[in-house]
Structures are given as structure tokens and as C-alpha cells.
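Spelled out from the first residue to the last, the chains are:
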Amino acid sequence: MTKVILQYVLLFIALVLAQVVIFNRVCLFNVALPFLFIYFIIRMPLTLSTNWSMTLAFLLGTTIDIFSDTLGMNALACTIVGAIRLPLLRLYVSRNEDISMAEPSLRSLGISVYMKYVLTVTLIYCFLIFSIEAFTFFNIGQLLLRTICSTILTSVLILGTDSLTIAPREKRL
């Protein structure tokens, strides 16, 4: 148990550092922004209660807000994503098996389910963060363009990161 907690603490620190030092300075074509830190929310164990999930997501968003000077935007978007991640995953798992014993990953969910899950969570996060940032739907074209491009970029980064961190002992659903 302590080993698992330590792994998640190290993952939290590594993703926050990567986001703050590297990915906050990346903007492709002035529309696509990478948000690799939401990989922590995606990867949280399914046995975690919604309250704990929301709390950890809020702490992640607040930490990113502190270093990025974004005044609570990431905290709000991360908290919402932390609240809906488990119901979203249940939409894509069509089997009657219990999904409470695994972590969401390429190996435990399979490529198609995991890609749908990552794309949906990332799309919701990107839409929320850009809507909060703009605080208007006046320029809906720019909002949708930034959301779609950032979703694609972030999803590719998350899938690449997850393919590097696959552990052979993960249980397949």
C-alpha cells in the first residue's frame, strides 16, 4: 500500500514539474496546448471514492494554478473531471465484469476502451478550461478549434506516456 501511494506521489510531482517547466511553454500554431498533468486524474485507481478523486484532482489543479498563475481555472476544471471520470469509464466498459480492481491503462482496459476514455476526459477538460478562460461563447469557432487541437495533442501525449509506463503485472479486465 505504501509503495502504491509513493508511486502516485512521484507521478504527481513528475507531472506537475513537466507541465510547469516544459508544457506550459508549448503552444502549437497558437491553438494547441498540451495538458499532460491530467494523466494523473486519468490514471487514479478505480477503487478511489469520488470524494477522494475530486480532492486529489482539486489539489492537482490548484498546484498547477499556483505555478501557472491561472487563478483557479485548472482547479475547477480538474475537480469536475475528477468527479465524472468513473461514470465516463463505466460508459465504455461494456462487460459485466467488476472494474473496481484495476487502474485505467492501455493494458488493463484495452486500446479501444482506453482511447475513448482518454479522448473523452481530455475533451471535457479542454472544453472546460477554454470556456472558463474565455468566459464567453462569443467566438465559438476559436473555442472549438482550441478545444479540438488541444484534445488531440494532449491525448497523443497521454497515450505515449501510458505506453511507456505499462507494468507487466496489471490485471486485464
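So, how was this worked out
Residues numbered from 1 in each chain as written. Predicted model: local features only at pLDDT ≥ 70, side-chain atom pairs only at ≥ 80, totals over all residues. Heavy atoms only, no water. Helix = DSSP H or I, 4+ residues; strand = E, 2+ residues; numbered from the N terminus. Rg over C-alpha atoms; globule rule 2.2 N^0.38 Å. Buried < 20%, exposed > 50% of the residue type's maximum accessible area, 1.4 Å probe, protein only. Contact = heavy atoms within 4.5 Å. Areas by Shrake-Rupley, 256 points an atom, 1.4 Å probe, with all protein chains shown as cover. Lys, Arg positive; Asp, Glu negative; His and termini not counted. Charge placed at Lys NZ, Arg CZ, Asp CG, Glu CD. 1 Å grid on protein atoms, 1.4 Å probe; cavity = no way out; pocket = protein on both sides within 12 Å on 5 of 7 lines; lining within 4 Å. Points joined across faces, edges and corners; volume = space filled by probe spheres on them. Nonpolar A, V, L, I, M, F, W, Y, C, P; charged D, E, K, R; others polar. pLDDT = per-residue confidence, 0-100. Phe/Tyr/Trp six-rings, centres within 6.5 Å; stacked < 30°, edge-to-face > 60°. Patch = residues over 30% accessible without salt bridge, like charges linked within 9 Å, V, L, I, M, F, W, Y side chains within 5 Å. Salt bridge = Lys/Arg side-chain N within 4 Å of Asp/Glu carboxyl O. Disulfide = S-S within 2.5 Å. Core = buried A, V, L, I, M, F, W, Y, C linked by side-chain atoms within 4.5 Å. Axes fitted to C-alpha atoms, helices over the stretch in contact; angles between N-to-C directions. Left-handed = near helix turned anticlockwise from the far one by under 90°.

Regarding the overall build of the protein
Here comes step 1: A tally of helices and strands in the protein yields seven helices and zero strands.
Here comes step 2: Put simply, the protein runs from its N terminus to its C terminus through helices and strands in the order α-α-α-α-α-α-α.
Here comes step 3: Against the 2.2 N^0.38 benchmark of 16 Å for 173 residues, the protein shows a C-alpha radius of gyration of 16 Å, consistent with a compact globule.
Here comes step 4: Projected onto its principal axes, the C-alpha positions of the protein cover 45 × 30 × 30 Å.
Here comes step 5: Within the protein, the fraction of its 173 residues that count as buried is 46%.
Here comes step 6: Relative to all contacts within the protein whose residues are 6 or more apart in sequence, the contacts with residues 24 or more apart total 74%.
Here comes step 7: Per element, the accessible surface of the protein, about 9400 Å² overall, is 71% carbon and sulfur.
Here comes step 8: Side chains of the protein give 12 positive and 8 negative charges; the mean places of these two sets differ by 7 Å.

A word on the layout of surface pockets
Here comes step 1: When its volume is computed, the second largest pocket comes out at roughly 270 Å³.
Here comes step 2: Residue lining of the second largest pocket: 17 residues in total, with Asn-24, Leu-33, Phe-35, Thr-70 and Asn-74 positioned closest to the centre.
Here comes step 3: Taken together, the elements giving at least two residues each to the lining of the second largest pocket come down to α3 (50-68), α4 (73-92) and α6 (111-134).
Here comes step 4: The residue makeup of the lining of the second largest pocket, split by class, is 10 nonpolar, five polar and two charged.

Details of the confidence of the model for the protein
In low-pLDDT regions, the fine details of the predicted coordinates are not to be read closely.
Here comes step 1: Taken as a whole, the protein shows an average pLDDT of 86; of its residues, 90% reach a score of 70 or greater.
Here comes step 2: The lowest-confidence element of the protein is helix α5 (residues 106-109), averaging 80 in pLDDT; the highest-confidence one is α3, averaging 93.

Examining the packing of aromatic side chains
Here comes step 1: Per the counting criterion, the structure on display carries seven aromatic pairs.
Here comes step 2: Pairing Tyr-8 with Phe-40 gives two aromatic rings, centres 6.3 Å apart and planes at 80 degrees, and the pair type is edge-to-face. Residue Tyr-8 is found in helix α1 (residues 2-21), and its partner Phe-40 is found in helix α2 (residues 39-43); the two are separated by 32 residues along the sequence.
Here comes step 3: A residue is classified by how much of its surface remains accessible, and Tyr-8, at 13% relative accessible area, is buried.
Here comes step 4: When its relative accessible area of 4% is taken as the criterion, Phe-40 is described as buried.
Here comes step 5: Pairing Phe-35 with Phe-37 gives two aromatic rings, centres 6.3 Å apart and planes at 90 degrees, and the pair type is edge-to-face.
Here comes step 6: Taking relative accessible area as the criterion, Phe-37 reaches 1% and is therefore assigned buried.
Here comes step 7: Among the aromatic side chains, those forming a connected cluster through ring pairs are Phe-35, Phe-37, Tyr-125 and Phe-130.

Digging into a nonpolar patch on the surface
Here comes step 1: Nonpolar side chains collect at one region of the surface, where Phe-127, Phe-137, Ile-140, Leu-144, Ile-148, Ile-152 and Val-156 lie side by side and expose about 650 Å² of accessible area between them.
Here comes step 2: By secondary structure assignment, the location of Phe-127 is in helix α6.
Here comes step 3: The exposure class of Phe-127 is partly exposed, given its relative accessible area of 32%.

Topic: the state of the cysteines
Here comes step 1: Enumeration over the complete set of coordinates arrives at zero disulfides.
Here comes step 2: Counting only cysteine sulfurs, Cys-27 is the nearest neighbor of Cys-149, a cysteine outside any disulfide, at a range of 10 Å.
Here comes step 3: The class for Cys-149 is partly exposed, based on a relative accessible area of 23%.

Regarding the nonpolar core
Here comes step 1: Counting 44 residues, the largest nonpolar core has Phe-35, Phe-37, Tyr-114, Tyr-125 and Ile-158 as the members making the most contacts within it.
Here comes step 2: Listed by contribution, the elements that provide at least two residues to this core are α1, α2, α3, α4, α5, α6 and α7 (140-164).
Here comes step 3: The greatest single-element share of this core, amounting to 10 residues, is contributed by α6.
Here comes step 4: Beyond its immediate sequence surroundings of up to four residues, Tyr-114 is in contact with Tyr-39, Ile-42, Pro-104, Ser-105, Leu-106, Leu-109, Ile-158, Leu-159 and Asp-162.

Let's talk about the packing of α1 against α3
Here comes step 1: Direction vectors running N to C along α1 and α3 enclose 30 degrees, while the axes themselves pass 10 Å from each other. In this structure, the crossing between α1 and α3 has a hand that is right-handed. Residues Phe-12, Val-16, Gln-19 and Val-20 of α1 lie in contact with α3, whose contacting residues are Leu-59, Leu-60, Thr-63, Ile-64 and Phe-67.
Here comes step 2: Counted by class, the contact of α1 with α3 contains seven nonpolar, two polar and no charged residues.

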